[in-house]
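Analysis of the macromolecular model
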Amino acid sequence: MTDLVDSFSRHINYMRISVTDRCDLRCIYCTDRFDYKLNHDDILRYEEIQQIVQAAAGLGVKKARLTGGEALMRLHLSRLVEMLSQTEGIDEVSLTTNGTQLAQYAQELKMAGLSRVNISLDSLKPERFGRITGGGQLEDVLAGIEAAKEAGLNPVKLNMVVLRDENDDEVLDFARKTLTDGWHVRFIEYMPFANGNGKNSMVPIHDIMSSIERSLGKLEPHFPTSGNGPARYYKLPDAPGTLGFIGAVTECFCAECNRFRLTADGHLRPCLLDDDEIDLKGPLRCGANTAELERLIQEAAIRKQQQHHLGENRAPEKRQMWQIGG
Ligand code: SAM
């Protein structure tokens with residue numbers, strides 16, 4: 001196995017894989033339109049995803065995370081989980097989900113080899129949750145969280161995108177859940193995309209941390225054994241759960257970026273926040289073998305930009321978040 005290293009000496013060992021652009025929610029900050037849908041033929045088949053992951057694993061990718069749209073909208077997702085978790089070189093397969101269908105699938109996914117799960121949850125108030133998600137039922141997600149824990153998909157991480165004047169008054173409620181329920185909560189800064197949704201909604205991570213410390217006590221740095229992403233982790237005194245902070249906009253963590261993104265229609269995206277993509281589906285369907293896929297993946301590493309340009313108001317334009325997978 002070789003090592004996949006980009007032009008800035010970053011080692012790429014993690015691939016986020018979007019399996020569909022369909023979603024059963026319509027989160028206000030994620031999209032302003034869901035009219036565009038990929039055709040069945042445009043979407044990578046499970047065997048094709050496996051071929052790409054196999055090639056990436058041969059180059060040093062060790063972790064795969066499934067996302068969407070909503071990954072659980074794709075039929076028989078556990079079959080893909082099984083295929084990827086049995087792929088040589090892949091140590092971990094995880095899932096990012098809105099949790100609405102997790103109560104039904106958590107056990108099956110665990111049995112298929114899923115290691116852990118991140119669940120998006122932006123409000124603990126049923127009515128507000130429904131408004132932010134365009135009609136979602138909070139109780140479904142809470143049931144999904146419990147099912148994930150029972151199935152042993154640990155640690156279950158709960159991701160909250162903090163939006164000014166939408167849900168920022170709930171930051172302390174979420175933080176308290178690390179004390180009372182052992183939740184692992186991560187606060188994420190809203191990232192502006194070209195759709196302009198929630199343009200002025202971003203609450204800086206620094207402000208979120210300060211408000212928690214003012215009300216609930218000093219945050220103690222915590223170094224979890226799982227996860228090597230962009231979050232900085234802390235604990236409140238005596239809390240069984242943890243708090244993670246992802247300053248996607250105000251704290252540039254591009255220097256540590258270790259990931260690629262594969263879109264549902266088979267394009268490899270070196271950076272979430274850059275429109276540059278490399279088509280893998282076309283070559284794959286023309287018969288590209290593993291060596292050819294490896295060459296394209298290596299090219300993507302070379303083309304990975306040094307850092308994002310959100311600070312200069314340059315956001316991706318071609319795809320919105322639901323078309324990439326976060
Ligand atoms: N449906 C799944 C879910 O809800 O987690 C996976 C797809 S969703 C696009 C992945 C993550 O992106 C979610 O945690 C969501 O909250 C986050 N997200 C979407 N738009 C965002 C934005 N503009 N800024 C920050 N996070 C965003």
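Heads up: the structure comes first, above all this text.
Described below are features of the structure shown in this document. (Residues numbered from 1 in each chain as written. Predicted model: local features only at pLDDT ≥ 70, side-chain atom pairs only at ≥ 80, totals over all residues. Heavy atoms only, no water.)

1. Focus on helix 1 (residues 46-58)
Heads up, the condition is: A run of H or I in DSSP counts as a helix once it spans at least four residues, and a run of E counts as a strand once it spans at least two, with each numbered from the N terminus. The span expected for a helix works out to 1.5 Å for each residue beyond the first. Categorising residues by exposure relies on relative accessible area from a 1.4 Å probe, with only protein chains included: less than 20% of the type maximum marks a residue as buried, more than 50% marks it as exposed, and the intermediate range marks it as partly exposed. Contacts are residue-level and defined by heavy atoms, with any inter-residue pair within 4.5 Å sufficient.
For helix 1, spanning 13 residues, the distance from its first C-alpha to its last is 18 Å, which sits close to the expected 18 Å at 1.5 Å a residue. Listed as buried for helix 1 are Y46, E48, I49, I52, V53, A55, A56 and A57. Its buried side turned inward, helix 1 meets strand 1 (14-18), helix 2 (77-85), strand 10 (259-262), helix 8 (281-285) and helix 9 (290-303). One or two steps after helix 1, the chain reaches G60, where phi turns positive at roughly 120°.

2. Let's talk about the site of the ligand
Applied cut-off: In these notes, residues near a molecule or strand are those with any non-hydrogen atom within 4 Å of it. Here a polar contact is taken to be a pair of N or O atoms separated by no more than 3.5 Å, where protein atoms must pair a possible hydrogen donor with a possible acceptor and residues adjacent in sequence count only if both atoms sit in side chains. Surface exposure here means Shrake-Rupley accessible area, sampled with a 1.4 Å probe, where a residue is shielded only by the protein chains that are shown. Residue polarity is assigned by list, with Asp, Glu, Lys and Arg as charged and Ala, Val, Leu, Ile, Met, Phe, Trp, Tyr, Cys and Pro as nonpolar; anything else, Gly included, falls into the polar class.
Around the ligand, 16 residues are found, and the nearest of them are Y29, G69, E70, S120 and M191. The side chain of S120 places a nitrogen or oxygen atom 2.6 Å from an oxygen atom of the ligand. One of the backbone nitrogen or oxygen atoms of M191 is found 2.8 Å away from a nitrogen atom of the ligand. In isolation the ligand offers 550 Å² of accessible surface; the protein chains occlude 94% of this area. Of the residues contributing to the shell around the ligand, the split by class is six nonpolar, eight polar and two charged.

3. Observations concerning the environment of C30
Here C30 lies in the loop between strand 1 and helix 1. For C30 and T97, which are 67 residues apart along the polypeptide, the C-alpha to C-alpha distance reads 14 Å.

4. Here's the deal with the pattern of salt bridges
Which entries qualify depends on this criterion: What makes a salt bridge here is a side-chain nitrogen of Lys or Arg within 4 Å of a carboxyl oxygen of Asp or Glu, nothing more.
Summed over the entire model, instances satisfying the criterion amount to 21 salt bridges. The residue E166 makes a salt bridge to R131 at a minimum N-O spacing of 3.1 Å. Placement of the pair is E166 in the loop between strand 5 (157-162) and helix 6 (171-180) and R131 in helix 4 (residues 126-132), with a sequence separation of 35 residues. Overall, R131 belongs to the partly exposed group, its relative accessible area being 48%. Here D276 makes a salt bridge to R303, at a shortest N to O gap of 2.8 Å. With D276 in the loop between strand 11 (267-269) and strand 12 (278-279) and R303 in helix 9, the pair connects residues that are 27 residues apart, well separated along the chain. On the basis of relative accessibility, which here comes to 22%, the residue D276 falls in the partly exposed class.

5. Let's talk about the environment of L268
Topologically, L268 is positioned in strand 11. With relative accessibility at 0%, the residue L268 sits in the buried group. Sequence separation of L268 and L38 is 230 residues, and the distance between their C-alpha atoms is 16 Å. The contact partners of L268, leaving out residues within four places of it in the chain, are M15, F260, R261, L262, D276, E277, I278, L280, I297 and A300.

6. Describing the pairing of strand 9 (residues 243-246)
In plain terms, the rule: Two strands are said to pair when DSSP picks up at least two bridges between them.
Side chains L243 and F245 of strand 9 all project onto a buried face; the interleaved residues G244 and I246 project onto the opposite face, where all are buried too. Of the pairings in the sheet, the one linking strand 8 (residues 232-235) to strand 9 comprises three bridges and is antiparallel in character. Along strand 9, the bridge assignment pairs Y234 with L243.

7. Focus: the pairing of strand 6 (residues 184-189)
Rules: The handedness of a crossover follows from its direction of travel: if, with the strands pointing away from the viewer, the path from the first strand over the helix to the second runs clockwise, the crossover is right-handed.
Across the six residues of strand 6, five count as buried, placing the element largely inside the fold. Viewed along the sheet, the connection from strand 5 through helix 6 into strand 6 turns out right-handed. Bridge analysis of strand 6 against strand 9 gives four bridges, and the strand direction is parallel. Residue pairing for strand 9: I188 is matched across the bridge by I246.

8. Details of the side chain of D21
Operational definition: Under this rule, positive means Lys or Arg and negative means Asp or Glu; His and the chain ends count for nothing.
Residue placement: D21 occurs in the loop between strand 1 and helix 1. Within the buried core, D21 has no salt-bridge partner, and the shortest N-O distance to an opposite charge, that of R22, equals 4.2 Å.

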